[in-house]
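# Examining the three-dimensional arrangement
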Amino acid sequence: MTDFFEEIYLQISATILESFPKFRPPVDLYVFDSAVGQVKKFHKAEARLDTDGQAEVAMIATEGRLFLLRDDYRIYASHLSKRLGMLLVEEGFSPVEVAEIFFLAFRDRMEQFFEQPQKGMLELLVKDISVLAEYLWIDPSRVEFLTQTLDKEYSLAVHSTNSMFIGLTLHVHAAGRAVEKDGLARVALGLLLHDLGMTQVPRFIRDKQHFLVRRDRESIENHIDAGLKMLQRLKIADPVVLECMRQHHERNDGSGYPDRRFGKDISMAGKLCAVADSFSAMIGVRPYRSSKDVAEAAIALIKDKRKYEPTLIKLLGEALAEGGWMNGAKASV
Ligand SMILES: [Fe+2]
Ligand SMILES: [Fe+2]
């Protein structure tokens, strides 16, 4: 098939088809008729498919003749995101499309996890992380596509996902060829969970613009302790995850919290999480201010360089220069 064809249509393999709701496929389905060398619309999105219809669609998919419009893939990305393992074997997606599916998957997974931070949910999250770690480990240069899917929306789930994508980019740039699957997974979990304790801070305090009285500030700063207790309950004892959480508000010049540590006493995981968290916070829209674009956020961090690890700020600058940060289509499904 021609490149032009592949630009317009995406093949629906049997595995992708399995991720669809059976009775009502969420997108228009197309079939390739090899006799005439043309694609025809076969089934309308959301229309009901009876059992015979389902069998026919399954057969066409097995024959490799079932397609959807490439533009439509975002519509079903949330279905795909429930079967992330598939991304390791499917070859039809572009790296940006895969990055978007990962973004949506983690955003949704984190929303659920923040609502119910329990063991069962954690297991699902860890499974998703292992798929992402494997995907990046196979080809670390894929990390550059993660930064094209960052989102401006500010919610704890989006902030956590953005932080993970930014932090993993730094981690891969820092580790180079020595990057390990296990290391990627541990850093990813730390970045996703760094603000877990924020679920215990009332929303009106989190969103306050001015007049943070001492009690509000204490309540916000307490998200570290609250988070650590939650990690304990979840039996998470990995030092990388603990350091990410405990130290992401510490600053090299001793101006951070909760322990007012200086640079020499802050772990690498804590420093990496601090940069990723600050950058992620700046590019998000808050109720009281608009977001910074990525260049403005990077400049703000460079100006504050006494507070952050200089090697990480340098890596961030390099990664920014290389990749098209936030240039891709926004994940808005
Ligand atoms: Fe925090
Ligand atoms: Fe944060």
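Residues numbered from 1 in each chain as written. Chains lettered and ligands numbered in written order. Predicted model: local features only at pLDDT ≥ 70, side-chain atom pairs only at ≥ 80, totals over all residues. Heavy atoms only, no water.

Bringing the overall build of the protein into the picture now. Along its length, the protein carries 16 helices and four strands. Its C-alpha atoms give the protein principal-axis dimensions of about 70 × 35 × 35 Å. Of the contacts made within the protein by residues no fewer than 6 positions apart, 67% connect residues no fewer than 24 positions apart. Charged side chains of the protein number 44 positive and 48 negative; the gap between the two group centres comes to 7 Å. (Helix = DSSP H or I, 4+ residues; strand = E, 2+ residues; numbered from the N terminus. Contact = heavy atoms within 4.5 Å. Lys, Arg positive; Asp, Glu negative; His and termini not counted. Charge placed at Lys NZ, Arg CZ, Asp CG, Glu CD.)

What follows concerns unusual backbone geometry. With an omega of 5°, the peptide bond between Y257 and P258 qualifies as cis. If you check the backbone angles, E46 has positive phi at about 70° while not being a glycine. Tracing the sequence through the fold places E46 in the loop between β3 (38-43) and α3 (51-62). Unusually for a residue other than glycine, R260 sits at a positive phi of about 50°. Tracing the backbone shows R260 in the loop between α13 (239-247) and α14 (268-283).

Moving on, we come to the pattern of salt bridges. Scanning all chains against the criterion turns up 16 salt bridges. E97 is paired through a salt bridge with R70; the nearest N and O atoms lie 2.9 Å apart. Linking E97 in helix α5 (residues 95-115) with R70 in the loop between β4 (66-69) and α4 (73-80), this pair joins segments that are 27 residues apart in sequence. Judged by relative accessible area, which is 9%, E97 ranks as buried. Notably, a salt bridge pairs K264 with D265, separated by 3.2 Å at the nearest N-O pair. A single network of salt bridges, built from pairs that share partners, joins D182, R186 and D238. (Salt bridge = Lys/Arg side-chain N within 4 Å of Asp/Glu carboxyl O. Buried < 20%, exposed > 50% of the residue type's maximum accessible area, 1.4 Å probe, protein only.)

This part covers the domain arrangement of the protein. For the protein, the assigned domains are domain 1 (3-73) and domain 2 (94-322). Relative placement of domain 1 and domain 2: their C-alpha centres are 38 Å apart. (Domains from an automatic or database assignment.)

With that settled, consider the layout of surface pockets. In this structure, the largest pocket encloses a volume near 1,000 Å³. What lines the largest pocket is a set of 34 residues, and nearest its centre among them are H249, Y257, A281, R286 and Y288. Counting residues per element, the ones that place at least two in the lining of the largest pocket are α8 (156-175), α10 (203-206), α11 (214-221) and α14. Residues belonging to the lining of the largest pocket are distributed by class as follows: 11 nonpolar, nine polar and 14 charged. Of the pockets and cavities examined, the second largest pocket occupies roughly 240 Å³. Split into classes, the residues belonging to the lining of the second largest pocket amount to eight nonpolar, two polar and one charged. (1 Å grid on protein atoms, 1.4 Å probe; cavity = no way out; pocket = protein on both sides within 12 Å on 5 of 7 lines; lining within 4 Å. Points joined across faces, edges and corners; volume = space filled by probe spheres on them. Nonpolar A, V, L, I, M, F, W, Y, C, P; charged D, E, K, R; others polar.)

Around a metal, the ideal angle is 109.5 degrees if four donors adopt a tetrahedral arrangement and 90 or 180 degrees if six donors adopt an octahedral arrangement. The coordination sphere of the iron ion (ligand 1) contains the protein donors D195 (OD), H223 (NE2), H248 (NE2) and H249 (NE2), at a distance range of 2.1 to 2.2 Å. For the iron ion (ligand 1), the four donor atoms in the first shell make angles of 87 to 177° at the metal, so the coordination geometry reads as irregular. Counting gaps between the donor residues of the iron ion (ligand 1) yields the pattern D-x27-H-x24-H-H. Separating the iron ion (ligand 1) and the iron ion (ligand 2) is a distance of 3.8 Å, and D195 donates to both of them. Of the two residues, H223 sits in helix α12 (residues 223-233) while H248 sits in the loop between α13 and α14, which places them 25 residues apart along the sequence. (Donors = N, O, S within 2.8 Å, 3.2 Å for Na, K, Ca; no water. Tetrahedral: all angles 85-135°; square planar, octahedral: opposite > 155°, others 65-115°.)

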